[in-house]
Amino acid sequence: MPASGRPGPGVAAGADVTTGELELEERQSLRRIAGLNTELTDVTEVEYRQLRLERVILVGVWTEGGAADAENSLAELAALAETAGSQVLEGLIQRRGRPDAATFIGRGKVGELRDVVVASGADTIICDGELSPSQLRNLEQQTKVKVVDRTALILDIFAQHAKSREGKAQVELAQLQYLLPRLRGWGETLSRQTGGSGRGGGAGGGVGLRGPGETKLETDRRRINQRIARLRREIKSMRTVRQTKRSRRSRNGVPAVAIAGYTNAGKSSLLNRLTSAGVLVEDALFATLDPTTRRAAAEDGRVYTLSDTVGFVRHLPHQIVEAFRSTLEEVAYADLVVHVVDGAHPDPEGQVAAVREVLGEVGADGVPELLVVNKVDAADEETLLRLKRSWPEAVFVSARSGTGVADLRAAVSHRLPRPAVEARVLLPYDRGDLVARIHRRGQVLSSRHVEDGTELRVRVDAQLAAELADFRA
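Residues numbered from 1 in each chain as written. Predicted model: local features only at pLDDT ≥ 70, side-chain atom pairs only at ≥ 80, totals over all residues. Heavy atoms only, no water.

*Asks:* Would you mind going over helix α4 (residues 133-143) in detail, with residue names and values included?
*Replies:* Turning to α4, its buried residues are Gln135, Leu136, Asn138, Leu139, Glu140 and Thr143. The positive-phi residue at the C-terminal boundary of α4 is lysine 144, with phi of around 65°. (Buried < 20%, exposed > 50% of the residue type's maximum accessible area, 1.4 Å probe, protein only. Helix = DSSP H or I, 4+ residues; strand = E, 2+ residues; numbered from the N terminus.)

Structural data, given as structure tokens:
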């Protein structure tokens, strides 16, 4: 697991670095870099653009909660921006009752923002919220640089990290759903060409702007809708495959455990620690998007599956939740959710609330939950004491060092669903295959060897109980 190169909260400068998230104080150090310049161009006439985030200014609107909440949200936006490959120059927060409907931050503040852009040499503004097409257009017109909102930033990170065919399809679907209502906003100059019909152009023409005008947007809109429909069909077929695998595990009586939690909380690290899965681990937000399922064994020998899921974040875009619904439903169909929390994060309680909100959206809020506080080696003692008081049933571990992992294995084993049928059977010594299946799929309550074979008192599922009916003692 690569280290971040930065000490975690409560770790002295000379101490070993951890793989936890960036320290709150450092994440809030949104610094201004002197001597960087960029050519400021009017980007409002660009219809399609890839996100090329280089030197950015963050802008947040503080509408509710305390100042610490607003600063935490902007610090998280900084981490997202850095994950996308950008350099954060400045962070600005404005206190408002609600975001301005026209410019997000209010007309009076746009001029100040433009001055900061010029002074810092930034080429991109990232807003901590989802902008409407008109807000996006107005901000770009007045600041003369590219404007990106939180949703587009997260979608860009997802696009960088998706590796599997299903993951790529889900991300593309989310991006197209986000893009569709913004086509007119991003192609404003073309949409004004009401007179530009025909190849020669017309009153609304100009270099690079001659052509069919509005017809171009309608063609693009139709193509995007067709692509969205095709992606939905592909994802639906993949969902069928996932359901088939899930039903097969259910028929075999194999319990399913899902690992869920905030992004960068250490879910993949825990999966590797518990199953030797070899999943990519990186100190970055949304490092792994593609779900991984591995087999694991409980303390009593029962086999269960352990599945990693996509990480969550505050205000996870609804396009992502919708596109990844088939993946997130793995959690809804699980027998147990291992909810991983970053104990070194400045706001672990906020992480838990954000994850539970998304779990509720996919119908997984009724699944039994085991709360696991990770990165205890990077958290300060005061925070750990507070969390132990708040969550007395939680398990405290460090996936990096292995601390508490044995307790986690025991807690998972204890919370796995118990097979429904209790039986006493006498199995001949030549039926070792049945004994092995009982250990894999059931729970052995007692065992002793007698002259005629192995006498077992077991709890098994109904299907295996029917196969053992001839051996009842």
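*Asks:* Tell me about unusual backbone geometry, residues and numbers included.
*Replies:* Of note in this structure, phenylalanine 104 is not a glycine but carries a positive phi near 75°. A positive phi angle, close to 65°, is found at asparagine 264, a residue other than glycine. Here asparagine 264 lies in the loop between β5 (256-261) and α10 (267-275). Overall, asparagine 264 belongs to the buried group, its relative accessible area being 13%.

*Asks:* Tell me about the sheet that holds β5, residues and numbers included.
*Replies:* Taking strand neighbours across the sheet as the criterion, the six strands line up as β6-β7-β5-β8-β9-β10 in an open arrangement whose pairing is mixed. With partners counted over all chains shown, the strands left at the sheet margins are β6 (293-297) and β10 (395-396), one partner each. Alignment of strand β8 (residues 336-342) against strand β9 (residues 369-374), held across six bridges, turns out to be parallel. The partner of aspartate 342 across the bridge, within β9, is asparagine 374. Lying over the sheet, helix α15 (residues 405-415) contacts β5, β7 (303-308), β8, β9 and β10, oriented at roughly 175° with respect to β9. (Pairing = 2+ DSSP bridges. Contact = heavy atoms within 4.5 Å. Axes fitted to C-alpha atoms, helices over the stretch in contact; angles between N-to-C directions.)

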